[in-house]
Amino acid sequence: MALKELDVREIPPAQRHPLIFQTFESLAPGEAMRLINDHDPKPLHYQFAAELTGQFEWEYEEQGPEAWKVRITKK
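So, how was this worked out
- Residues numbered from 1 in each chain as written.
- Predicted model: local features only at pLDDT ≥ 70, side-chain atom pairs only at ≥ 80, totals over all residues.
- Heavy atoms only, no water.
- Helix = DSSP H or I, 4+ residues; strand = E, 2+ residues; numbered from the N terminus.
- Contact = heavy atoms within 4.5 Å.
- Pairing = 2+ DSSP bridges.
- Right-handed = clockwise from strand over helix to strand, strands pointing away.
- Axes fitted to C-alpha atoms, helices over the stretch in contact; angles between N-to-C directions.

Colleague: Explain the environment of Gln 55 to me, please; I cannot follow it from the model alone.
Modeller: The topology assignment puts Gln 55 in the loop between α2 (42-51) and β3 (56-63). In sequence terms Gln 55 and Trp 68 are 13 residues apart; their C-alpha atoms lie 22 Å from each other. Excluding residues within four positions of it along the chain, Gln 55 makes contact with Phe 24, Thr 73, Lys 74 and Lys 75.

Colleague: Looking at this structure, I do not really get the pairing of strand β1 (residues 4-7). What am I missing?
Modeller: A regular strand places its side chains on the two faces of the sheet in alternate fashion. As paired elements, β1 and strand β2 (residues 32-37) share four bridges and run parallel to each other. Opposite Glu 5, over in β2, you have Arg 34 as the bridge partner. Between the parallel pair β1 and β2, the chain is carried across by helix α1 (residues 13-25), and the sense of this crossover is right-handed.

Colleague: Just to check I follow, could you spell out the sheet that holds β3 for this structure?
Modeller: In a beta sheet, neighbouring strands pair by backbone hydrogen bonds and run either parallel or antiparallel. Within the open sheet, the four strands sit side by side as β1-β2-β4-β3. Their pairing is mixed. Here the strands that pair on one side only, and so sit at the sheet edges, are β1 and β3. Geometrically, the sheet is characterised by an average inter-axis angle of 20 degrees between neighbouring strands, direction not taken into account. The pairing of β3 with strand β4 (residues 68-74) spans seven bridges and is antiparallel. Within β4, the position partnered with Glu 57 by the bridge is Thr 73. Along the sheet, α1 makes contact with β1, β2, β3 and β4, crossing β2 at roughly 165 degrees. Against the sheet, α2 touches β2, β3 and β4, its axis set at about 170 degrees to β3.

Note that every value here comes from positions in space, so none of it alone points to a role or purpose.
Here's what the structure looks like:
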C-alpha cells in the first residue's frame, strides 16, 4: 500500500487546509498520508484535534528547518 504524499509548500496558504482535509477524508481506515510543509503545521494539528478527535494519529518524521514531514494515519 503506497503512502499518499502531499507536498503543500507550493500551494497558496489559504488552499492548504481544505486540500489536506480532502486528502485525509479519501483515506481508508488504517491508511496514512505524509504531509510535507515549509513550517511546523501546529495550527493544522489543532484543527485536526478539534474536528477529528480520536480519528487520526499524528507523527512527525522530519522537523525542519527546510521541511516538516508529518505522517497522518486515519484510525
